[in-house]
Amino acid sequence: MSTHLAEEATVAGRIATRETAAWEIFERSRDSHAILSRIMTSIGEINNTITVVREITEQTKFLAMNATIQAERGSDVSRKFGTFANEIWELSFNTDHAAKIAMARVETIERENAILTGTLQDIDSRIVAISDIIVNISTVVAEQPVATGGSAIPVDIDAVHPAAASSPDAARPATNW
């Protein structure tokens, strides 16, 4: 009898360990959600910065174009300023192109983050389901001696087999039961 109680205690300990492990995984997943939230905040800030850079770029292009037009109307000194204005326009064009590339990369990160968030939510729900199963198993194991009138149910299938083989009903087909 005490051997069976020890086995039950061992099984109950294993179940408790697995339940604790499931909740630890759930907590780590929750931490991952917090990290993803901070990443999304940073991405929003990057988007704002890119938007400002693109606005400045557009203004710079406009100013460079106006300076080029004014330089064409003026003297040789003014025309040299026009060359400089044209270089500024090209620089602003390159800056705008780089900002577009950065924005596209940020959008890719946002899409990937949404997928990752969905995956983590799925993992969370599965962890909760597994934890519920573990709790149910733990409850059944704890109630086992009560349900059997104080005798322990063998935990090892090898212990069940000899008892079943010696039963007078063991030879009877299952369809007759």
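Placed above this text is the structure.
Presented here is an overview of the structure given in this document.

What counts and how
Residues numbered from 1 in each chain as written. Predicted model: local features only at pLDDT ≥ 70, side-chain atom pairs only at ≥ 80, totals over all residues. Heavy atoms only, no water. Helix = DSSP H or I, 4+ residues; strand = E, 2+ residues; numbered from the N terminus. Contact = heavy atoms within 4.5 Å. Areas by Shrake-Rupley, 256 points an atom, 1.4 Å probe, with all protein chains shown as cover. Salt bridge = Lys/Arg side-chain N within 4 Å of Asp/Glu carboxyl O. Buried < 20%, exposed > 50% of the residue type's maximum accessible area, 1.4 Å probe, protein only. Phe/Tyr/Trp six-rings, centres within 6.5 Å; stacked < 30°, edge-to-face > 60°. Core = buried A, V, L, I, M, F, W, Y, C linked by side-chain atoms within 4.5 Å. Patch = residues over 30% accessible without salt bridge, like charges linked within 9 Å, V, L, I, M, F, W, Y side chains within 5 Å.

Quick look at the overall build of the chain
Counting secondary structure elements, the chain contains three helices and zero strands. Walking the chain from its N terminus toward its C terminus, one meets helices and strands in the order α-α-α. Sequence-distant contacts in the chain: of pairs separated by 6 or more residues, those separated by 24 or more amount to 81%. With the model as given, the accessible surface of the chain reaches about 12600 Å², and the carbon-plus-sulfur share is 62%.

So, the pattern of salt bridges
One pass over the structure, following the stated rule, counts six salt bridges. A salt bridge links Arg 54 to Asp 96, with the shortest nitrogen-to-oxygen separation between them at 3.3 Å. Separated by 42 residues along the polypeptide, Arg 54 in helix H1 (residues 2–73) and Asp 96 in helix H2 (residues 76–147) bring together distant segments of the chain. Among the residues examined, Arg 54 registers a relative accessible area of 28% and is labelled partly exposed. Take Asp 96: its relative accessible area is 5%, and that puts it in the buried class.

Describing the packing of aromatic side chains
On inspection of all chains with the given rule, the structure shows two aromatic pairs. Centroid distance Trp 89 to Phe 93: 5.8 Å. Interplanar angle 15°. Geometry classified as stacked. With Trp 89 and Phe 93 both in helix H2 and four residues apart, this pair spans about one turn of that helix. Relative accessible area serves as the criterion here: at 34%, Trp 89 is assigned to the partly exposed category.

Digging into the nonpolar core
Listed in full, the six residues of the largest apolar core are Ile 15, Ala 22, Phe 26, Ile 127, Ile 134 and Val 141. Put simply, the parts of the chain that give this core at least two residues each are H1 and H2. Residues within four places of Ile 15 in sequence aside, it is in contact with Ile 134, Ile 137, Ser 138 and Val 141. Counting five residues, the second-largest nonpolar core is a separate cluster that includes Ile 43, Ile 50, Met 103 and Val 106.

Things to note about the environment of Ala 102
Among the secondary structure elements, Ala 102 is positioned in helix H2. Separated by 52 residues in the primary sequence, Ala 102 and Ile 50 place their C-alpha atoms 7.6 Å from one another.

Things to note about the side chain of Ser 29
Here Ser 29 lies in helix H1. Those residues in contact with Ser 29 that sit more than four places away from it in its chain are Leu 120 and Asp 124.

Some points on a nonpolar patch on the surface
Together, Phe 62, Leu 63, Met 65, Ile 69, Trp 89 and Phe 93 make up a nonpolar patch on the protein surface, roughly 600 Å² of accessible area in all. Counting residues per element, the ones that place at least two in the nonpolar patch are H1 and H2. For the nonpolar patch, the element with the most residues is H1, which contributes four residues.

Everything listed here is a matter of coordinates, which is why it stays silent on function.
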